[in-house]
Amino acid sequence: MSVGAAGGQEHIDADAVVIAVPAGPAGKLLAGVPGTASAVSAFAEVPYSSVAMVTLAYPRSAFPGPLAGRGYAAYRVPAVEGKAVKEVTFTTVKWPHLAGEVEIVRCSIGRFGEEHLLGRDDADLVALATAELAEATGVRGAPVASRVSRWADALPQYTVGHFERVRRIRESVAAQPGLAVCGALYDGVGVGVCMASARQATDQVLAWVQQNAAARSVAVGAST
Ligand SMILES: Cc1cc2nc3c(=O)[nH]c(=O)nc-3n(C[C@H](O)[C@H](O)[C@H](O)COP(=O)(O)OP(=O)(O)OC[C@H]3O[C@@H](n4cnc5c(N)ncnc54)[C@H](O)[C@@H]3O)c2cc1C
């Protein structure tokens with residue numbers, strides 16, 4: 001199988017290929033590969049959202065009560081609430097080995113369609129997240145440390161027609177022996193689901209490689 005690299009800069013010959021990149025580069029990698037036009041057009045239809053992760057550190061005593069007792073590691077804020085923060089993760093609840101005097105809280109900003117919020121500078125985003133967290137949890141005072149990490153085009157959006165697009169991609173990719181796809185674009189964005197799709201993809205290409213090797217050895221045996 002031959003797959004041209006995005007931008008046409010590189011050409012690699014391989015027995016099998018797993019495409020594990022977001023939709024944009026995946027479409028470029030497959031452009032021109034026979035039989036994959038349907039996948040290429042489906043890739044072009046997948047929108048992505050960007051995210052800013054505002055990480056805040058508070059003294060544990062700044063929170064009015066036990067976080068674990070609240071029964072959640074992360075809570076999602078519905079868009080109808082009109083808040084900038086869409087999800088909050090209490091890291092010590094999710095990963096108890098981090099428990100100590102300091103509570104690290106991840107506040108995620110940037111719903112699909114709210115990219116304008118990400119144009120704000122870091123100090124603004126910290127102020128926004130701090131205010132909304134105080135309102136939601138009653139945490140008192142300012143964080144002792146903060147960091148803003150920006151992830152551009154990080155999360156694929158499963159808009160209406162997503163299953164059909166994924167079906168088109170998988171169907172046309174399956175028609176190319178030795179080619180498979182995996183990643184957040186397909187079945188879910190959680191790391192566990194991404195790993196499951198990677199296992200599925202590697203199983204597919206390994207089956208092809210083994211089948212190919214067996215066919216080659218039969219052909220060699222027949223010619224000797
Ligand atoms: C801020 C944030 C927080 C998250 N938190 C959690 C969490 O707590 N729990 C959870 O389960 N999930 C979380 N997720 C979701 C999860 O991390 C992602 O959905 C998952 O890592 C995506 O894996 P992937 O392999 O599809 O993509 P990625 O891990 O993004 O891998 C894609 C790879 O493609 C490469 N690439 C891109 N373009 C090209 C190109 N043109 N050529 C070659 N290579 C290219 C990139 O460099 C990258 O290595 C979070 C996501 C974000 C953005």
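In the annotation of an unreviewed UniProt entry, the entry for the chain reads FAD-dependent oxidoreductase, and the organism field reads Streptomyces carpinensis.

(A) View of the packing of helix α2 (residues 37-44) against helix α5 (residues 162-174). Between α2 and α5, whose axes approach to 8 Å, the crossing angle comes to 150 degrees. Crossing geometry of α2 relative to α5 is assigned as left-handed. Of α5, the residues touching α2 (which contributes S38, A39, S41, A42 and F43) are R165, R168, I169 and S172. Of the residues that constitute the contact of α2 with α5, the class distribution is four nonpolar, three polar and two charged.

(B) Structural detail: the pairing of strand β6 (residues 85-90). By the criterion of burial, β6 is predominantly enclosed, with six of the six residues buried. Strand direction decides the pairing type here: β6 and strand β7 (residues 102-109), joined by five bridges, are antiparallel. Paired with E87 across the strands is S108, a residue of β7.

(C) Structural detail: the domain arrangement of the chain. According to the domain assignment, the chain contains domain 1 (2-46 + 158-223) and domain 2 (48-156). Distance from the C-alpha centre of domain 1 to the C-alpha centre of domain 2: 36 Å.

(D) Looking closely at unusual backbone geometry. A positive phi angle, close to 45 degrees, is found at D153, a residue other than glycine. With respect to the helices, strands and loops of the structure, D153 is situated in strand β8 (residues 145-156).

(E) Just helix α4 (residues 122-137), in detail. Across its 16 residues, α4 extends 22 Å between first and last C-alpha, which sits within 8% of the 22 Å expected from 1.5 Å per residue. G138 sits one or two positions beyond α4 and adopts a positive phi of about 80 degrees.

(F) Up close: the packing of helix α1 (residues 23-30) against α2. Relative orientation of the contacting elements α1 and α2 amounts to 155 degrees, with a least axis distance of 8 Å. Considering the angle they form, α1 stands roughly antiparallel to α2. As for how α1 packs across α2, the hand of that crossing is left-handed. Here A23, A26, G27 and L30 of α1 lie close against α2, whose contacting residues are A39, V40 and F43. Among the residues making up the contact of α1 with α2, the classes are represented as six nonpolar, one polar and no charged.

(G) Quick look at the site of the ligand. With respect to spatial proximity, 16 residues lie near the ligand, and among them K94, R106, A184, V189 and V191 are the closest. K94 is positioned with one of its side-chain polar atoms (N or O) 3.0 Å from an oxygen atom of the ligand. Taking A184, its main chain carries an N or O atom lying 2.7 Å from an oxygen atom of the ligand. Protein coverage of the free-state accessible area of the ligand, which is 1,000 Å², stands at 51%. Elements that contribute at least two residues to the shell around the ligand include exactly β8 and α6 (191-223). Looking at the shell around the ligand, the element that brings in the most residues is β8, giving three residues. Classifying every residue of the shell around the ligand by side-chain character gives 12 nonpolar, two polar and two charged. Taken domain by domain, the shell around the ligand gets at least three of its residues from each of domain 1 (2-46 + 158-223) and domain 2 (48-156).

The rules we used
Residues numbered from 1 in each chain as written. Predicted model: local features only at pLDDT ≥ 70, side-chain atom pairs only at ≥ 80, totals over all residues. Heavy atoms only, no water. Axes fitted to C-alpha atoms, helices over the stretch in contact; angles between N-to-C directions. Helix = DSSP H or I, 4+ residues; strand = E, 2+ residues; numbered from the N terminus. Left-handed = near helix turned anticlockwise from the far one by under 90°. Contact = heavy atoms within 4.5 Å. Nonpolar A, V, L, I, M, F, W, Y, C, P; charged D, E, K, R; others polar. Buried < 20%, exposed > 50% of the residue type's maximum accessible area, 1.4 Å probe, protein only. Pairing = 2+ DSSP bridges. Domains from an automatic or database assignment. Expected span 1.5 Å × (residues − 1). Parallel < 35°, antiparallel > 145°, perpendicular 65-115°, else oblique. Near = heavy atom within 4 Å. Polar contact = N/O pair within 3.5 Å; in protein donor to acceptor, adjacent residues only side chain to side chain. Areas by Shrake-Rupley, 256 points an atom, 1.4 Å probe, with all protein chains shown as cover.

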